[in-house]
Amino acid sequence: IIPETHDTIRVPQDYATIQAAIDAASEGDVVMVAPGEYVENLVANAKGFSLISEAGAELTTIRPQDPSLTTLRLSTNLNHVFLLQGFTFTGSDAYVCVEVYRGTANIIENIFDDNDVDGGALLVGHGGGSIVNNTFTNNRGSHHGGGLQVASWSPMLIEGNTVIGNTATYGAGMNLLGCRYATV
């Protein structure tokens, strides 16, 4: 699942912020984040890389600096592979907390907790990959998928996730739209 890597960029050792490390990353690089709480809205476009916490989700939290904006937005093309592993995402009031659009997304061992969202604490759209061993708790969605929303026609593996106490009009815990090739 981990893409072939080129360089490891460390936060805060090499770059003070996760966004600065993402901006410096090239295709296939690993952005490795030390334990702590990071207050940032992150955007990554048009490259595949790994964003991994050193110590896991219990010790590494990302909160949005502006809660009305997506905490992490990744837009790639279909040839890119992205790995997100070992973070807690909390405190979002945006349409979604984490949005991955296109490409192959592997979302592993993260916690999505206490987000007020419209379209899911995690939204994966128009791409494939895996959503494995994540925890979705106490997320509130005003429309689709309080915890997780997947809108994809590509192969997607969804397994081993814990989904508890989420609310939404459609698919409180999980909302799968057009997931013809999903394995749940």
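A few points on the structure. Keep in mind the model is a prediction, meaning the values are calculated, not measured.

1. Notes on the pairing of strand β7 (residues 72-75)
Side chains Leu72 and Leu74 project from β7 onto a buried face, and the interleaved Arg73 and Ser75 project onto a face without burial. Both strand β4 (residues 42-45) and β7 contribute to a ladder of four bridges, which runs parallel. The residue bridging Leu42 from the neighbouring strand is Leu72, located in β7.

2. What about the nonpolar core?
Ranked by internal contacts, the top residues of the largest apolar core, which has 37 residues, are Ile18, Leu51, Leu84, Phe89, Val98, Leu122 and Ile131. Looking at this core, the element that brings in the most residues is helix α1 (residues 18-24), giving three residues. Setting aside residues no more than four positions away along its own chain, Phe89 makes contact with Ile62, Thr71, Leu72, Leu84, Cys97, Val98, Asn110, Ile111, Phe112, Asp113 and Asn115. By size, the runner-up hydrophobic cluster in this structure holds five residues, among which are Met32, Ile52, Leu83 and Ile108.

3. A look at the sheet that holds strand β22 (residues 182-183)
Across the sheet, eight strands lie side by side as β1-β2-β5-β8-β11-β15-β19-β22; this open sheet has parallel pairing. Sheet topology places β1 (8-11) and β22 at the edges, where each strand pairs with a single neighbour.

4. Remarks on the pairing of strand β5 (residues 50-53)
Burial of the side chains of β5 extends over both faces: Ser50 and Ile52 are buried on one face and Leu51 and Ser53 on the other. Looking at chain direction, strand β2 (residues 30-33) and β5 are connected through four bridges and run parallel. Bridged to Val33 within β5 is Ser53. Of the pairings in the sheet, the one linking β5 to strand β8 (residues 81-85) comprises three bridges and is parallel in character. Directly across from Ser50, in β8, lies its bridge partner Leu83.

5. A few points about the environment of Ala21
Within the fold, Ala21 resides in helix α1. Separated by 10 residues in the primary sequence, Ala21 and Val11 place their C-alpha atoms 6.9 Å from one another. With residues up to four places along the chain from it excluded, the contact list for Ala21 reads Ile9, Val11, Tyr15 and Val31.

6. Some words on the environment of Ile107
Mapped onto the secondary structure, Ile107 falls in strand β11 (residues 104-108). On the basis of relative accessibility, which here comes to 0%, the residue Ile107 falls in the buried class. Along the primary structure Ile107 and Leu83 are separated by 24 residues, whereas in three dimensions their C-alpha atoms are 6.1 Å apart. Those residues in contact with Ile107, other than ones at most four positions away along the chain, are Leu84, Val100, Phe112, Leu122, Ser130, Ile131, Val132 and Asn134.

7. Some remarks on the sheet that holds strand β21 (residues 174-177)
In space, the six strands of this open sheet follow the order β4-β7-β10-β14-β18-β21, with parallel pairing throughout. Strand pairing shows two members of the sheet lacking a second neighbour, β4 and β21, which therefore form its edges. Here the strands of the sheet are splayed against their neighbours by 5 degrees on average, with no regard to which way each runs.

8. Observations regarding the environment of Thr169
Inspection of the secondary structure puts Thr169 in the loop between β20 (162-164) and β21. Look at Thr169 and you get exposed, because its relative accessible area is 53%. Sequence spacing of Thr169 and His144 is 25 residues, and the spatial spacing of their C-alpha atoms is 6.3 Å. In this view, Thr169 contacts Gly141, Ser142 and His143; residues no more than four positions away in its chain are not counted. Of the polar contacts made by the side chain of Thr169, one reaches the backbone oxygen of Ser142; its length is 2.9 Å.

Definitions and cut-offs
- Within every chain, residues take consecutive numbers counted from 1 along the sequence as written.
- Where totals are concerned, whole chains, interfaces and linings use all residues; where local detail is concerned, this predicted model gives features only for residues with pLDDT of at least 70, and gives and counts side-chain atom pairs only at 80 or more.
- Working from all heavy atoms in the structure, the side-chain values ignore hydrogens and water.
- Burial classes follow relative accessibility: with a 1.4 Å probe on protein chains only, a residue under 20% of its type's maximum area counts as buried, one over 50% as exposed, and anything between as partly exposed.
- Only DSSP runs of H or I with at least four residues qualify as helices, and only runs of E with at least two residues qualify as strands; both kinds are numbered from the N terminus onward.
- Paired strands, as defined in this entry, are two strands with at least two bridges between them according to DSSP.
- By nonpolar core is meant a set of buried Ala, Val, Leu, Ile, Met, Phe, Trp, Tyr and Cys residues that side-chain atoms within 4.5 Å join together.
- We call two residues in contact whenever any of their non-hydrogen atoms come within 4.5 Å of each other.
- Only the contacting stretch of a helix is used when fitting its axis, a line to C-alpha atoms as for every element, and angles between N-to-C directions run 0 to 180 degrees.
- The term polar contact refers here to a pair of N or O atoms within 3.5 Å; inside protein, the definition further demands a hydrogen-donor-capable atom paired with an acceptor-capable atom, and it admits residues adjacent in sequence only when both atoms are side-chain atoms.

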